[in-house]
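Tertiary structure, described
Listed here are the chains, written in short residue letters.
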Amino acid sequence: MIDLSQTGSGLDGYALMTAQLEALLSGERDFIANAAQFSAFIYHELEGLNWAGFYLVKDDELVLGPFQGKVACVRIAFGRGVCGAAAASRQTQRVEDVHAFPGHIACDSASNSELVVPLIKEGRLIGVLDLDSPRTGRFSEVDQRGIEALAAVLLRASDC
Ligand code: SME
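What this report covers is the structure whose coordinates are included nearby. Everything numeric here is computed off the predicted structure, so don't read it as measured data. Throughout, a residue's number is its position along its own chain's written sequence, starting from 1. In keeping with the predicted nature of the model, local features appear solely for residues at pLDDT of at least 70, side-chain atom pairs appear and are counted solely at 80 or more, and the whole-chain, interface and lining totals rest on all residues. To get the side-chain values, take all heavy atoms of the structure and skip hydrogens and water.

Comments concerning empty space enclosed by the protein
- Site definitions follow a grid-based scheme: protein atoms alone, a 1 Å grid, a 1.4 Å probe that fits but cannot get out for cavities, and for pockets an open set with protein on both sides within 12 Å along at least five of seven lines, plus lining residues having an atom within 4 Å of a point. Grid points are joined across faces, edges and corners, and a volume is the space filled by probe spheres set on the points. The final tally for this structure, using the stated rule, is 1 cavity of 30 Å³ or more.
- By volume, the largest cavity is sized at about 170 Å³.
- Lining the largest cavity are 21 residues; nearest its centre among them are Ile105, Cys107, Glu114, Asp130 and Asp132.
- Ranked by the residues each element gives to the lining of the largest cavity, the list is headed by helix 4 (residues 81-89), at 4 residues.
- Each residue gets one label: Ala, Val, Leu, Ile, Met, Phe, Trp, Tyr, Cys and Pro are nonpolar, Asp, Glu, Lys and Arg are charged, and the others, such as Gly, are polar. Each residue belonging to the lining of the largest cavity can be placed in one class, and the counts come to 11 nonpolar, 4 polar and 6 charged. Numbering of helices and strands starts at the N terminus; helices are DSSP runs of H or I of at least 4 residues and strands are runs of E of at least 2.

Here's what the structure looks like:
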């Protein structure tokens, strides 16, 4: 397990993870299969997560997709909570303290910080990647850039 936020070798760590993920997803184009592999990979490789997974756009709302962690809420409206804000704005949401985020949806009371990356392919919003941590301020700017790069690998590797 790589503790990228503590080692100071963040970019190198993410470069390694990116290469590992490209190898893991090569040879399969199915988005759901690759998203399931992605969530298991990131949940077990990144230190300090209690939830890692996807909400996918269906009929103008977000619906739960492949994930690792405790059971979660199934449907999220655009604009609601951190995931809905990422979907509505199409901008990554890096939240140091979710309790200070207006409208945050507390699926797991253990979550204290969150990173949500919108998944955009050829101008279309596919869904969001949602990572939660019990540690306040778990996600640095280095984490954000690294995790956005990992999400880009998933989009390139999959038909969606
Ligand atoms: N906390 C999220 C909801 C999803 S769960 O964390 C899995 C939010 O406010 O968007």
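Once the structure has been displayed, the description carries forward.
A few points about the environment of Val117
- The topology assignment puts Val117 in strand 5 (residues 113-121).
- We call a residue buried when its accessible area falls under 20% of the maximum for its residue type, exposed when it is over 50%, and partly exposed in between, using a 1.4 Å probe and counting protein chains only. Judged by relative accessible area, Val117 falls into the buried class, the value being 4%.
- A sequence separation of 54 residues divides Val117 from Val63, and the C-alpha atoms of the two residues are 15 Å apart.
- By definition, residues are in contact when any of their heavy atoms lie within 4.5 Å. Setting aside residues up to four positions removed in sequence, Val117 forms contacts with Thr92, Gly127, Val128, Leu129, Ile147, Glu148 and Ala151.

Nothing here speaks to function; it is geometry throughout.
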